[in-house]
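Fold and contact review
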Amino acid sequence: MAAKGYVKLASGHQMPLVGFGLWKVPKETAADTVYNAIKNGYRLFDGAYDYQNEKEAGEGIKRAINDGLVKREEIFITTKLWNNYHQKDIAVKMAKWQNEQWGLGYIDLYLIHFPVALKYIDPAVRQYPAWWLDDAGTIETERIPIHETWQALEQVVDEGIAKSIGVSNFQAQSIYDLLTYNRHPLSSLQIEHHPYLVQPELIKLAQENGVVVTAYSSFGPQSFLELKSKRAEDAPLLFDHSTVKKVAEAHKVTPAQALLRWAIQRGIAVIPKSNNPDRLKQNLQVVDFDLSQAELDAISSLDKGLRFNDPGYYLEKKPLRIFAGGAGDSAASQ
Ligand code: NAD
């Protein structure tokens, strides 16, 4: 049994159910933000090579350890392999390099960020930390199968660089496939998950196979407004939705807390991001109240299959339709 507020991964390690997301946390403030989050009780940090703030986040954690706020073993670091580094030797090298950036001895959970390999780009000269190779928006895929990248992650575990491994943005078929050859357990599946994109079948598949689901973008359109996503601009805010507000009011919590509780109570971990101290605190206070089954169902019924983080939508020059046929597919035509 996992301790309260934690979930046990298939690898045997425990992961906090609430973490802090590092996407769009500026490099310049990341160390202070992370230090402050630890002071407020956060123990899990969700990073990625793509977020370009691993070194600074690690510095914040090291400062907290040196100041006696926490011990290394109380902190859980998740980070991810970016799409340009799927080739086996390169993936292992990247994991080592990212681990050095964090500077904390090991990574707790290492994920394949997306199920698509892009052309290699030297990280030392990488000027465009994104999908694009240049200012013209060029995208080039690479012929590297997922099993090769997964084997790299298994080597990363064998070498003690990461304790657990998993995937992000994968759909059912690639998960079933991976489960036919994996040597180390698939500990976590990180996916976009909010009331407009519930994906109940994908969650069932993961949970039936002992894979812990982590939800990202729990507040739906909110995070994508900053990116000027038309899809997000056209969607009503979840914080203002009458169903979410009603549930929140009944429990004297904020709509954000109701949304996080909706996920956690269904065994799904969350990693909200906030640069605001009050929100940062409230997002952690989501383990001490329970929604009724009717309230959980009412929130789940808001599902519209509306996906915001969709490279089949925002990569205009060369859409990568990795979610085709799954939830959110029809949203692509909007
Ligand atoms: P999020 O759903 O956590 O929303 C962030 C937005 O909500 C920000 O604008 C923030 O100011 C606001 N917010 C936060 N707490 C609030 C509160 N209590 N009340 C009102 N507003 C609040 O969005 P996200 O950053 O997209 O997702 C969270 C994390 O998930 C990321 O930081 C990242 O670590 C991870 N993520 C992973 C992937 C992936 O491909 N694996 C993709 C996106 C995000």
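Residues numbered from 1 in each chain as written. Predicted model: local features only at pLDDT ≥ 70, side-chain atom pairs only at ≥ 80, totals over all residues. Heavy atoms only, no water.

1. What to know about the overall build of the chain
When its secondary structure is counted, the chain shows 13 helices and ten strands. Structurally, the chain occupies a C-alpha span of about 55 × 50 × 40 Å along its principal axes. Among the 334 residues that make up the chain, the fraction classed as buried is 54%. If you take every contact in the chain between residues at least 6 apart in sequence, the share linking residues at least 24 apart comes to 73%. Accessible surface, the chain: about 14500 Å² in total, of which carbon and sulfur atoms supply 49%. Averaging the positions of the 37 positive and the 40 negative side-chain charges in the chain gives two centres separated by 2 Å. (Helix = DSSP H or I, 4+ residues; strand = E, 2+ residues; numbered from the N terminus. Buried < 20%, exposed > 50% of the residue type's maximum accessible area, 1.4 Å probe, protein only. Contact = heavy atoms within 4.5 Å. Areas by Shrake-Rupley, 256 points an atom, 1.4 Å probe, with all protein chains shown as cover. Lys, Arg positive; Asp, Glu negative; His and termini not counted. Charge placed at Lys NZ, Arg CZ, Asp CG, Glu CD.)

2. Some words on the nonpolar core
The nonpolar side chains of a soluble globular protein tend to be buried with one another. By size, the foremost hydrophobic cluster in this structure holds 108 residues, and its most contacted members are Met15, Leu22, Phe45, Ile61, Tyr110, Trp131 and Leu189. Counting residues per element, this core draws most heavily on helix α10 (residues 255-264), at seven residues. (Core = buried A, V, L, I, M, F, W, Y, C linked by side-chain atoms within 4.5 Å.)

3. Brief notes about the site of the ligand
Lining the immediate environment of the ligand, one finds 28 residues, of which Asp46, Ser168, Ser217, Ser223 and Asn283 sit closest. A distance of 3.3 Å separates an oxygen atom of the ligand from a polar atom in the backbone of Leu22. Gln282 places a side-chain nitrogen or oxygen 3.1 Å from a nitrogen atom of the ligand. Burial of the ligand by the protein chains amounts to 94% of its free accessible area of 840 Å². Contributing elements (two or more residues each) for the shell around the ligand: α7 (222-225) and α11 (277-284). For the shell around the ligand, the leading source of residues is α11, giving three residues. In terms of residue class, the shell around the ligand is built from ten nonpolar, 13 polar and five charged. (Near = heavy atom within 4 Å. Polar contact = N/O pair within 3.5 Å; in protein donor to acceptor, adjacent residues only side chain to side chain. Nonpolar A, V, L, I, M, F, W, Y, C, P; charged D, E, K, R; others polar.)

4. Observations regarding the sheet that holds strand β7 (residues 162-168)
Read across the open sheet, the eight strands follow the order β3-β4-β5-β6-β7-β8-β9-β10; overall the sheet is parallel. Since the sheet does not close on itself, it has two edges, and those belong to β3 (20-21) and β10 (269-270), each with one partner. One ladder, built from five bridges, connects strand β6 (residues 107-112) with β7; its direction is parallel. Opposite Leu111, over in β7, you have Gly166 as the bridge partner. Packing against the sheet, helix α3 (residues 88-102) makes contact with β5 (76-81) and β6, and its axis sits at approximately 140 degrees to β5. Together, β5, β6, β7 and β8 (186-192) form the strand contacts of helix α4 (residues 146-158), whose direction differs from that of β7 by roughly 160 degrees. (Pairing = 2+ DSSP bridges. Axes fitted to C-alpha atoms, helices over the stretch in contact; angles between N-to-C directions.)

5. Description of the pattern of salt bridges
All told, the structure shown has 13 salt bridges when counted by the stated rule. Arg72 is the salt-bridge partner of Asp108, the closest N and O atoms lying 3.0 Å from each other. Of this pair, Asp108 sits in strand β6 while Arg72 is found in the loop between α2 (54-66) and β5, placing the two residues 36 residues apart along the sequence. A relative accessible area of 12% means that Arg72 is categorised as buried. Among the salt bridges present, the one from Lys204 reaches Glu201, with a minimum N-O distance of 3.0 Å. With Lys204 and Glu201 both in helix α6 (residues 200-208) and three residues apart, this pair spans about one turn of that helix. In the salt-bridge network here, residues are joined through shared partners; they are Glu154, Asp158 and Arg183. (Salt bridge = Lys/Arg side-chain N within 4 Å of Asp/Glu carboxyl O.)

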